[in-house]
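Listed below, chain by chain, are the residues.
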Amino acid sequence: AAIKAEGNTTIVNAAKEPLIVDLAIFLNMMGAKIKGAGTDTIRIKGVKSLSSCSYTVIPDQIETGTLMIATAATRGDLLIKNAIAPHMEALSAKLIETGAYVEAGDDYIRVSADKRLKKANIKTLPYPGFPTDLQQPMTTLLSTAMGTSTIVENIYEDRFKHAYELRRMGANITTEGRVMVVEGVESLYGTNVTATDLRAGAALIIAGLMADGVTTISNVKYIDRGYNCYEKKLSTIGADIKRISVDE
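Only a predicted model underlies this, so the values are computations on that prediction, with no experimental measurement involved.

Rules of the game
Residues numbered from 1 in each chain as written. Predicted model: local features only at pLDDT ≥ 70, side-chain atom pairs only at ≥ 80, totals over all residues. Heavy atoms only, no water. Buried < 20%, exposed > 50% of the residue type's maximum accessible area, 1.4 Å probe, protein only. Helix = DSSP H or I, 4+ residues; strand = E, 2+ residues; numbered from the N terminus. Pairing = 2+ DSSP bridges.

Student: Hey, could you run me through helix H4 (residues 135–142) in this one?
Tutor: Helical geometry: 3.6 residues make up each α-helical turn, so side chains three or four residues apart lie on a common side. Across the eight residues that make up H4, a large majority, eight, are buried. For H4, the set of buried residues is Gln135, Gln136, Pro137, Met138, Thr139, Thr140, Leu141 and Leu142.

Student: Where do I start with the sheet that holds strand S8 (residues 148–152) in this structure?
Tutor: Strand pairing in a sheet is mediated by backbone hydrogen bonds. Such pairs are either parallel or antiparallel. Strands sit in the order S7-S8-S10-S9 across an open sheet of four strands; the sheet is mixed. Two strands in the sheet have a free side with no partner beyond their single neighbour: strand S7 (122–123) and strand S9 (172–176).

Student: Honestly, the pairing of strand S6 (residues 108–112) in this entry has me stumped. Any pointers?
Tutor: Along a regular strand, successive side chains alternate from one face of the sheet to the other. Of the pairings in the sheet, the one linking strand S4 (residues 77–81) to S6 comprises five bridges and is antiparallel in character. Bridge pairing links Leu78 to Val111 in S6. Where strand S5 (residues 101–104) and S6 come together, four bridges link them in antiparallel fashion. In the strand pairing of S6, Ala104 is matched with Ile109. The hairpin turn running from S5 into S6, its antiparallel successor, is three residues long.

Here it is in structure tokens:
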């Protein structure tokens, strides 16, 4: 909006994630005048028009992270190509802390785990801290880790709705305010659960992959908002997952 507005616009308390920087680079190539992307203050000088350009968007940081967590949680071994390792450093550090193996290359990340993982304490923070969008999937991983994990959500209020659904699958999770305590159990079991939001849905998919038996997730419209054809992608790497109609 600020690009086409008359005069100068300043955005304060801006997000710093790589996708914000990528968006600014793309728009500047089209003729926008944006400075400060990647900091908490972005300044935009309005222009009258934009021109066309060709541009390659960076990989999705959160989809990459979700795959990394799912791999470690299911004790798999996955090579994720076209991934930018520096964008994933906060998550990689926590996965390594739990006992998973993470190898970072110039354009790939490899994640594997061959035993039960260990507890970890997490605090969500603005980039480059631990992403709030990976808090819910990480909760699922920690639900079967050895020991007691603590998660503090510093970015969004009321982002623990997935805890109720995970408890229905056998997880031992308590919440109070912005703090969630996860006592690791041996395993989860499949049941019918509901996605309450986008990342909660991703967390439940991971839980279903980890759990004994069959898990059915409803309200997948939330998942579709952030993960394109995700069940097909997961099927190609060995997941037993499929989309069904309500009648089925």
